[in-house]
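# A closer look at the structure
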There are 2 protein chains.
Amino acid sequence: METYVILRDLAIIILAAKFMAIVAKKCKAPGVVGEIIAGLVIGPLLLNLVKPGDFINQMAEIGVILIMFSAGLETNLKELKKSGLIALAVACVGVAVPLGGGLLLYLCFNGFAPPGSDEFFRGLFVGCIMTATSVGITVEALRELGYLKGRVGQTILSAAIIDDVIGIIVLTFVLGLRDPSSNTGLVIGKTMLFLIISLVGGYLVYRLMKIVDARYPHTRRIPIIGLGLCFIMAYAAEKYFGIADITGAYVAGIILCNIRDAAYIDRKVSVNSYMIFAPVFFVAIGLKTDFSHIDSSMLLFSICFVLVAMLTKVIGCGAVGKICRFRFIDCMKIGVGMMTRGEVALIITNKGLNLGIIDSSYFTAVILLIIISSISVPLLLKFLYHKAPDPET
Amino acid sequence: METYVILRDLAIIILAAKFMAIVAKKCKAPGVVGEIIAGLVIGPLLLNLVKPGDFINQMAEIGVILIMFSAGLETNLKELKKSGLIALAVACVGVAVPLGGGLLLYLCFNGFAPPGSDEFFRGLFVGCIMTATSVGITVEALRELGYLKGRVGQTILSAAIIDDVIGIIVLTFVLGLRDPSSNTGLVIGKTMLFLIISLVGGYLVYRLMKIVDARYPHTRRIPIIGLGLCFIMAYAAEKYFGIADITGAYVAGIILCNIRDAAYIDRKVSVNSYMIFAPVFFVAIGLKTDFSHIDSSMLLFSICFVLVAMLTKVIGCGAVGKICRFRFIDCMKIGVGMMTRGEVALIITNKGLNLGIIDSSYFTAVILLIIISSISVPLLLKFLYHKAPDPET
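Residues numbered from 1 in each chain as written. Chains lettered and ligands numbered in written order. Predicted model: local features only at pLDDT ≥ 70, side-chain atom pairs only at ≥ 80, totals over all residues. Heavy atoms only, no water.

Turning our attention to the overall build of chain A. Each helix and strand in chain A was counted, giving 15 helices and zero strands. What you see for chain A is a C-alpha radius of gyration of 20 Å, in line with the 21 Å of a compact globule of 393 residues. For the C-alpha atoms alone, the extent of chain A along its principal axes is close to 65 × 50 × 45 Å. Taking all 393 residues of chain A together, 60% fall into the buried category. Restricting the contact set of chain A to residue pairs at least 6 apart, pairs at least 24 apart contribute 81%. Entry remark: accessible area of chain A is about 15,700 Å², with carbon and sulfur atoms responsible for 67%. Side chains of chain A give 34 positive and 26 negative charges; the mean places of these two sets differ by 10 Å. (Helix = DSSP H or I, 4+ residues; strand = E, 2+ residues; numbered from the N terminus. Rg over C-alpha atoms; globule rule 2.2 N^0.38 Å. Buried < 20%, exposed > 50% of the residue type's maximum accessible area, 1.4 Å probe, protein only. Contact = heavy atoms within 4.5 Å. Areas by Shrake-Rupley, 256 points an atom, 1.4 Å probe, with all protein chains shown as cover. Lys, Arg positive; Asp, Glu negative; His and termini not counted. Charge placed at Lys NZ, Arg CZ, Asp CG, Glu CD.)

Shown next as structure tokens:
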């Protein structure tokens, strides 16, 4: 019955997030960095004012979904089509290189093991943890900088979405090496089905929404139906197709990005996002950070883990960018933009733990990766864009 | 970890609420009636698509808090001062008459008992359940009609807020008759303290926000600080002063109602409210309704309970309105506006159950009262305002 206690947490979160975002901007850093640091400050790591819990996690999930829905709504479909093939290449290499890097790292720390052995399999799994980009923070940082709709921004966004799907296929494939019951074919089939349903169903929804929008332009029902579609697609993606909910939300945004009131929906969703949900998402990253159980050998491994995970993304994605004739600095932007990791890495780690593949010490490394990439990527992106803005914007 | 499952419930809730609100308006009924009915339809009573749970309850709580904060922001302070004394009178009589009515109803069903006896005490407690008006639905109905800021609307709003406080004092007094450890003086003292702190602290916050607002007008920080203040005051009211959180949220709105960006804050808060939180609040009322355990004698008592609870408010509050020289139809508006009951009635019932004063059959009666008053009040208000709009608006 005591529903009012969450109000205290929410008040602290939104005020601390806004205050630290303002401080961050005064220091010329992106606001999201401030919000994540706010989470570190008010969370168990320092002041212990707010503890992460079910409600905060659920609000945070809605937060990242609203961010991705917004990103979808702001998509330039022509730009997306242009960047589609490049993004696919960036995503594929951006999965392969960290996978190899993670394997190598594991073998370096635990001695070489032949392919097919249990140790080699463990190494592959550690590689899997490194594959999935979590694009929420990059999206928000690019939006703050005003470059989300540029060619580089669209390439990062599309690549991160595709990377998510490829990461899941690779994970299922790796798990399938050990457990024949998990079926890589089924995963690929489900992903294809999701794409087909999104395309066909999405087109129908788009036509329908165009009619509704023409009859009732600028009414409340338009953003509410849009938000409903976003929630349904996010849920369905995760529940029935094994794809991350944020991918579903992004696709929902793309479906609606060409109706006349797309910007109107985006404005209304953005208000919900920046007032409550998005701060909760960014702060929650900081809240979950807890380094109380760390020792020196774990610290060494964790630091190497973070370095490998971040550098392999930059090298892999950047190299593809170079091949596709992006300027060097734009390749760096793509590589850096793909570096952020988030809850997908945690979920995969959790899966490995439950299956007895890895032990809980990997959580420390993954959380360190999430927090360091979440803070450094917006800073690096700002630096790179400051040095060389997109040519076309 | 399965945070995405709430997305399904949210999608169903916001889409069903919007759809039923549109249908209700087509039938010339207020939208909130449609939203409550949507809850009945999708909830355990009919389709069983969505079950009430912690997350829904917490979102609903934020919903009613945003509604009350908005109402506070839209307050006309001059009008409030003018209606203050009348509202106090309406609230006092509006608590006394239902208290007597509940007692009489109990004695009618259970035989007469002398004052001081256990049965008489039980009757008094049943009266207590009937005292607290839950003004959220009335506020939304008045806003929809466009009469929230009128003299009658302001009188209802102030009276409902005062009535809440008086109801709590009466409850503590009644409980004190049996248990000397509960201290009526303490309750009155706490309430006074809340008022003083709200006045003094509120004035300081108001001056401070005026300065911030003048320096950064129309920036995101203004509505975010406002929302933070709302959450803090709602939490503090309930946690430290034993006053309903919605009262704290309303007072926070009043504190900010005269800064230059009050309407700007209100617009941003309203978007959050109508897109997600308010529909969840109204739908949740319907979701919690479950009549599976009802029998005929309980039904008879419940119907009488609902009738007495609703009529005593109309008679009590309406009579004061008449004495204060409102037109007859405006007295009816005041009486009807004060009829709605909500979670406070449930909380008091729960308290009585825990203390062994009443049995669980009263829950049925209270839920019936909540649902019938929630649906009938907006309909009756619309009818009354349609017949005779406020003279001054």
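From this point on, the discussion continues.
Grouped together as the largest cluster of nonpolar side chains are 290 residues, with contacts concentrated most on Met59 and Phe231 of chain A together with Met59 and Phe231 of chain B. Not counting residues up to four positions away in its chain, the partners in contact with methionine 59 of chain A are Leu10, Ile276, Phe277 and Val280 of chain A together with Phe55, Met59, Ile62 and Phe277 of chain B. (Core = buried A, V, L, I, M, F, W, Y, C linked by side-chain atoms within 4.5 Å.)

This part covers the packing of helix α4 (residues 77-110) of chain A against helix α5 (residues 118-129) of chain A. Residues and elements named next belong to chain A. With their axes 7 Å apart at the nearest point, α4 and α5 run at an angle of 135° to one another. The angle between the axes of α4 and α5 places the two elements in the oblique class. Seen from above, α4 lies across α5 with right-handed handedness. Side by side, α4 and α5 meet where Pro98, Leu99, Gly102, Leu103, Tyr106, Leu107 and Asn110 of the first sit next to Glu119, Phe120, Arg122, Gly123, Leu124, Val126, Gly127 and Cys128 of the second. Of the residues in the contact of α4 with α5, the class split is nine nonpolar, four polar and two charged. (Axes fitted to C-alpha atoms, helices over the stretch in contact; angles between N-to-C directions. Parallel < 35°, antiparallel > 145°, perpendicular 65-115°, else oblique. Left-handed = near helix turned anticlockwise from the far one by under 90°. Nonpolar A, V, L, I, M, F, W, Y, C, P; charged D, E, K, R; others polar.)

Residues and elements named next belong to chain B. The buried fraction of helix α6 (residues 136-145) amounts to seven of the ten residues, a majority that puts the element mostly inside the structure. Turning to α6, the residues buried within the fold contact α2 (31-42), α3 (54-73), α7 (151-178), α11 (262-287), α13 (328-337) and α15 (361-387). Positive phi shows up at glycine 146, right after α6, with a value of about 85°.

What follows deals with the relation of the copies chain B and chain A. For the match of chain B to chain A, the screw axis carries a shift of 0.1 Å, the RMSD comes to 0.1 Å, and the turn is 180°. Here the copies are linked by what is in effect a two-fold axis. Taking C-alpha positions as the reference, the residue of chain B nearest the rotation axis is asparagine 272 of chain B, at 2.6 Å. Interface residue correspondence from chain B to chain A reaches 98%, placing this contact among same-surface, isologous pairings. (Least-squares fit on C-alpha atoms with pLDDT ≥ 70 in both.)

Another aspect to go through is the interface of chain B and chain A. Taken together, the contact between chain B and chain A spans 42 residues of the former and 43 residues of the latter. Linking chain B with chain A are zero salt bridges, by the criterion used here. Where chain B meets chain A, there are two residue pairs in polar contact (both at pLDDT 80 or more). Residue assignment for the side of chain B that touches chain A shows that the elements contributing at least two residues are α1 (5-26), α3, α9 (221-241) and α11 of chain B. At twelve residues, the largest contribution of residues to the side of chain B that touches chain A is made by α9 of chain B. Split by residue class, the side of chain B that touches chain A holds 28 nonpolar, five polar and nine charged. (Salt bridge = Lys/Arg side-chain N within 4 Å of Asp/Glu carboxyl O. Polar contact = N/O pair within 3.5 Å; in protein donor to acceptor, adjacent residues only side chain to side chain.)

This part covers the state of the cysteines. Residue and element names in this part refer to chain A. Taken as a whole and judged by the stated rule, the model has zero disulfides over all chains. In this model cysteine 230 remains outside any disulfide bridge; the closest cysteine sulfur is found in cysteine 257, 14 Å from its own. Taking relative accessible area as the criterion, cysteine 257 reaches 9% and is therefore assigned buried. (Disulfide = S-S within 2.5 Å.)

Attention now moves to the packing of aromatic side chains. According to the stated counting rule, one finds 20 aromatic pairs over all chains in the structure shown. Ring centres 6.0 Å apart and planes at 40° place the aromatic pair phenylalanine 301 of chain A and phenylalanine 305 of chain A in the tilted group. Of this pair, phenylalanine 301 of chain A and phenylalanine 305 of chain A are both found in helix α12 (residues 296-323), four residues apart, which corresponds to roughly one turn of the helix. As far as the burial class goes, phenylalanine 301 of chain A and phenylalanine 305 of chain A line up, both buried. When the centroid spacing of 4.3 Å and the interplanar angle of 10° are considered together, the rings of tyrosine 147 of chain B and tyrosine 385 of chain B count as stacked. Taken together, the residues tyrosine 147 of chain B in the loop between α6 and α7 and tyrosine 385 of chain B in helix α15 connect sequence positions 238 residues apart. We classify tyrosine 385 of chain B as buried; its relative accessible area is 2%. One aromatic cluster is present, formed by Phe109, Phe301, Phe305 and Tyr362 of chain A through successive ring pairs. Lying over the aromatic face of phenylalanine 326 of chain B, arginine 151 of chain B brings its terminal NZ or CZ to 4.3 Å of the ring centre. Above the plane of the ring of tyrosine 216 of chain B lies arginine 221 of chain B, whose end atom (NZ or CZ) is 4.1 Å from the centre. (Phe/Tyr/Trp six-rings, centres within 6.5 Å; stacked < 30°, edge-to-face > 60°. Lys NZ or Arg CZ within 6 Å of the ring centre and 35° of its normal.)

Before going further, it helps to examine the environment of leucine 175 of chain A. Residue and element names in this part refer to chain A. Along the chain, leucine 175 falls in helix α7 (residues 151-178). Given a relative accessible area of 11%, leucine 175 falls into the buried group. Between the C-alpha atoms of leucine 175 and methionine 298, which are 123 residues apart in sequence, the distance is 25 Å.

Residue and element names in this part refer to chain B. With a phi close to 60°, asparagine 48 is a non-glycine residue in the positive phi region. Assignment of secondary structure puts asparagine 48 in the loop between α2 and α3. On the basis of relative accessibility, which here comes to 36%, the residue asparagine 48 falls in the partly exposed class. Backbone geometry at arginine 325 places phi at a positive 70°, although glycine is not the residue there.

Attention shifts here to the pattern of salt bridges. Residues and elements named next belong to chain A. All told, the structure shown has 16 salt bridges over all chains when counted by the stated rule. Between arginine 143 and glutamate 140 there is a salt bridge, with its nearest N and O atoms 3.6 Å apart. Residue arginine 143 and its partner glutamate 140 are located together in helix α6 (residues 136-145), separated by three residues, close to a single helical turn. A relative accessible area of 24% means that arginine 143 is categorised as partly exposed. The class for glutamate 140 is buried, based on a relative accessible area of 17%.

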